[in-house]
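A closer look at the structure
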Amino acid sequence: MTLLDVRDLCVRAPDGRSLVSGLSFSMERGDRLGLIGESGAGKTLAALAVIGLLPRGMSASGSVLLDGEQVLGAPGRRLDRLRGRAAAVVFQEPLTALDPLKRVGALVAEPLRRRRRLRGRALRGAVLDALSEVRLPGPERLARAFPYELSGGQRQRVAIAMALACEPALLIADEPTAALDTTVQAEMLALLDGLVRSSGMGLLLIGHDLGVVAGVADGLLVLHEGRAVERGTAAEIVHAPAHPRTREVVAAARRLHGALDGLAR
Amino acid sequence: MLEARGVHFAYRGGPEVLTDVSFPVVAGRGLGLVGESGAGKSTLVRLLLGLARPTAGQVLLDGEGLRGRERALRRAVQPVFQDPYSSLDPRQRVDRIVAEPLRSLGLLTSRDRRAESARRVAEALRWVGLPEEAASRYPHEFSGGQRQRIAIARAVVCGPRVLLADEPVSALDVVTKVSLIDLLAELRHSRGLTVVMVSHDLTVVASLCEETVVLEKGRVVERGATAAVLGAPGHPHTRRLVAGVPRLPGPPAQRTAEPPDSG
């Protein structure tokens, strides 16, 4: 069964403005798709619509089949079951996504208890395993820490651990490294890449940085002003962009990278 | 021209955030200050702008300390900050925002100050590629890239020698980023400006700065010509920074259509 099938998705603002229009794409299990575009292009809204988390007042039309189930218009209880099992999300700023009053261990335990029905010692063991899996050093000590005590990179690892604990078929990562230093970003991308590859889950990676997204995703979908203007493999789009907007973006990115790479010669 | 000499800094009661930082800003040679978050970049900017005093060492302007020379410093060094949404007062029209340095530095000397101000604002807006009508509008009417142009117009209106920019293009998408880099490069030549730029983005520094200073945990770990520092980094920390820059994927098998070169 197709993991995610989006057909003619439209998202409208409360005042009726069209924010995403006529968006269609599909993903099979294990696919790694990058959704790229500048801010305001509709990337995040498209991702939120996929898991039924659009902000209040926004309306969506079209069809979103996630693991065979229709997301648009589905009642909250059905969506709750679908989220986690079918798809989990990692957002840009982990500090806002992590409950500040809960220790890291409790945060990671929640999805494990709900999804894998673990309790007691088995649950504690699974929490430590989950923290080690995202390469967090000293998981015992870390499980007792509060989110504010961690660095940005550590917090994002915790958020990834929570998402993976659900064993989702699809991981949606919305600018997961935009708030991190470049060296931490590089480690985080390598970690995501490895985890997604080894578990065979699908990855929908959202970002504005062509180098970041193209480095992890196999396929790219370029959004501009709410519409998909181009799709193809990452290499095709970087080396032969067809749409005028994509050409501008690629030319700009190549110039910046060229300036740095040119120094090494 | 501007120089940090043996600068140390600690916030009250806190640990040292800058330790023995020294580097000169040479007229006409763009300088990039790079490092990760927490390296002390933004604190250094505050010191270079005279908004805070080193706990030891000195910031020098034309070879002299800054004490009592605030006005000379402000005339010579003007800042541009990262976030064009919060650095422009939303309640003021663009002409008033851009004219602010002229007023606060008392640079309007003719009898008809209003006309002189309007003339110099119009000139500054033209330098940054904004239409004259922009003067009578408010910041929220502009895109992020245009707001950053307004901030640059405000900085250059009084004819400073140094533009001190803290992550000036980080909040912008890549196309806007490149157009602002072009603008800064052009202003360097046309206005004789020296750009000192804090950035965590090495591609931006490589595009605009001849000199680079690498900070790690408040210390200078490497400095010199950008071509040497970023092209052939000697210090392990610089090597990590350069290696961390995400690269564009290589060409697909046997199909290498080059995109148009934008120069």
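None of the values given here were measured: they were computed from a predicted structure.

What chain A contains, in helices and strands, is 11 helices and 10 strands. Relative to the 2.2 N^0.38 estimate, which gives 18 Å for 265 residues, the radius of gyration of chain A is 19 Å and therefore close to what a compact globule would have. Projecting the C-alpha coordinates of chain A onto the three principal axes gives extents of approximately 55 × 55 × 35 Å. A burial count over chain A gives 54% of its 265 residues as buried. Across chain A, every contact between residues at least 6 apart in sequence was considered, and the portion connecting residues at least 24 apart equals 64%.

Here we take up the environment of A:Asp193. Residue and element names in this part refer to chain A. Mapped onto the elements, Asp 193 comes out in helix H8 (residues 182-199). In the structure, Asp 193 is positioned 28 residues away from Leu 221 in sequence and 18 Å away in space, judged by C-alpha atoms. Apart from residues no more than four positions distant in its own chain, Asp 193 is found in contact with Arg 32 and Val 216.

Moving on, we get to the nonpolar core. Residues A:Leu171, A:Leu220, B:Val98, B:Leu125 and B:Ile152 are the most contacted members of the largest nonpolar core, which totals 114 residues. At 8 residues, the largest contribution of residues to this core is made by helix H6 (residues 174-191) of chain B. Counting contributing residues, this core receives three or more from each of domain 1 (1-86 + 172-265) and domain 2 (96-167) of chain A. Beyond its immediate stretch of four places on either side in the chain, B:Ile152 contacts B:Val80, B:Val128, B:Leu180, B:Leu183, B:Leu184 and B:Leu187. Of all hydrophobic cores here, the second largest spans 36 residues; its members include A:Ala46, A:Val50, A:Leu204 and A:Ile206.

This part takes up helix H4 (residues 113-127) of chain B. Residue and element names in this part refer to chain B. Between its first and last C-alpha atoms H4 spans 21 Å; for 15 residues at 1.5 Å apiece the expected length is 21 Å, and the two agree. Taken together, the buried positions of H4 are occupied by Glu 116, Ser 117, Arg 120, Val 121, Ala 122, Ala 124, Leu 125 and Trp 127. Residues of H4 that are buried in the fold lie against helix H3 (94-104), helix H5 (144-156) and H6. Positive phi shows up at Gly 129, right after H4, with a value of about 80°.

This next bit is on H8(A). Residues and elements named next belong to chain A. Between its first and last C-alpha, H8 extends 26 Å over 18 residues, near the 26 Å set by a 1.5 Å rise per residue. Here H8 has its buried residues at Thr 182, Thr 183, Gln 185, Met 188, Leu 189, Leu 191, Leu 192, Leu 195 and Val 196. Trailing H8 by a residue or two, Gly 200 shows a phi angle of about 75°, which is positive.

So, on to the pairing of strand S7 (residues 162-166) of chain B. All names here are of chain B. Within S7, 5 of the 5 residues are buried, which leaves it mostly tucked inside the rest of the structure. Direction of pairing for strand S6 (residues 77-80) relative to S7: parallel, over a ladder of 4 bridges. Following the sheet pairing, Pro 79 is matched in S7 by Leu 164. Direction of pairing for S7 relative to strand S8 (residues 194-199): parallel, over a ladder of 5 bridges. From the neighbouring strand, Ala 165 faces S8, where its bridge partner is Met 197.

The next subject is the domain arrangement of chain A. All names here are of chain A. The domains assigned to chain A are domain 1 (1-86 + 172-265) and domain 2 (96-167). On a C-alpha basis, the centroid separation for the pair domain 1 and domain 2 is 25 Å. With 11 residues of domain 1 in contact, the opposing surface of domain 2 contributes 12 residues. Across the domain 1/domain 2 interface, buried area totals approximately 990 Å², and carbon plus sulfur atoms make up 71% of it. Its largest share of buried area at the contact with domain 2, domain 1 owes to Met 188, Leu 191 and Leu 195, together 46% of the area lost on that side. The tally of links between domain 1 and domain 2 comes to 1 salt bridge.

On to the layout of surface pockets. In this approach, a probe sized like a water molecule rolls over the atoms, and the result shows the empty space that is left. All names here are of chain A. Of the voids in this model, the second largest pocket is the one considered here, and its volume is about 540 Å³. In this structure, the second largest pocket is lined by 22 residues; those nearest its centre are Ala 88, Val 89, Arg 114, Met 162 and Cys 166. Among the secondary structure elements, those contributing two or more residues to the lining of the second largest pocket are helix H2 (76-85), strand S6 (87-90), helix H3 (94-97), helix H4 (104-116) and helix H7 (152-165). The residue makeup of the lining of the second largest pocket, split by class, is 16 nonpolar, 2 polar and 4 charged. The two domains that each donate at least three residues to the lining of the second largest pocket are domain 1 (1-86 + 172-265) and domain 2 (96-167).

Below, the discussion takes up the environment of B:Ile97. Residue and element names in this part refer to chain B. Relative to the assigned elements, Ile 97 resides in helix H3. In this structure the C-alpha to C-alpha distance between Ile 97 and Pro 54, which are 43 residues apart in sequence, comes to 30 Å. When sequence neighbours within four positions are dropped, the list of residues in contact with Ile 97 reads Leu 88, Asp 89, Gln 92, Pro 139 and Arg 154.

Residues and elements named next belong to chain A. As summarised here, the arrangement of the 6 strands in space is S6-S7-S8-S3-S9-S10, forming an open sheet in which the pairing is mixed. Sheet topology places S6 and strand S10 (227-233) at the edges, where each strand pairs with a single neighbour. Mean inter-strand twist for the sheet, computed between neighbouring axes without regard to direction, equals 15°. Contacting strand S3 (32-36), strand S7 (170-174) and strand S8 (202-207), H8 runs over the sheet at an angle of about 140° to S3.

This part is about the packing of aromatic side chains. A complete count under the given rule lists 2 aromatic pairs over all chains for this structure. Seen in terms of ring centroids, A:Phe146 and A:Tyr148 are 6.4 Å apart; in terms of plane orientation they differ by 15°. Their pairing is stacked. The exposure class assigned to A:Tyr148 is exposed, which follows from its relative accessible area of 61%. Ring plane angle 90° and centroid distance 4.8 Å describe the contact between B:Phe9 and B:Tyr11, whose orientation is recorded as edge-to-face. Geometry around B:Trp127 places B:Arg191 over its ring, the cationic atom sitting 3.7 Å from the centre.

Conventions and cut-offs
Residues numbered from 1 in each chain as written. Chains lettered and ligands numbered in written order. Predicted model: local features only at pLDDT ≥ 70, side-chain atom pairs only at ≥ 80, totals over all residues. Heavy atoms only, no water. Helix = DSSP H or I, 4+ residues; strand = E, 2+ residues; numbered from the N terminus. Rg over C-alpha atoms; globule rule 2.2 N^0.38 Å. Buried < 20%, exposed > 50% of the residue type's maximum accessible area, 1.4 Å probe, protein only. Contact = heavy atoms within 4.5 Å. Core = buried A, V, L, I, M, F, W, Y, C linked by side-chain atoms within 4.5 Å. Domains from an automatic or database assignment. Expected span 1.5 Å × (residues − 1). Pairing = 2+ DSSP bridges. Buried area = accessible area lost by both parts, 1.4 Å probe. Salt bridge = Lys/Arg side-chain N within 4 Å of Asp/Glu carboxyl O. 1 Å grid on protein atoms, 1.4 Å probe; cavity = no way out; pocket = protein on both sides within 12 Å on 5 of 7 lines; lining within 4 Å. Points joined across faces, edges and corners; volume = space filled by probe spheres on them. Nonpolar A, V, L, I, M, F, W, Y, C, P; charged D, E, K, R; others polar. Axes fitted to C-alpha atoms, helices over the stretch in contact; angles between N-to-C directions. Phe/Tyr/Trp six-rings, centres within 6.5 Å; stacked < 30°, edge-to-face > 60°. Lys NZ or Arg CZ within 6 Å of the ring centre and 35° of its normal.

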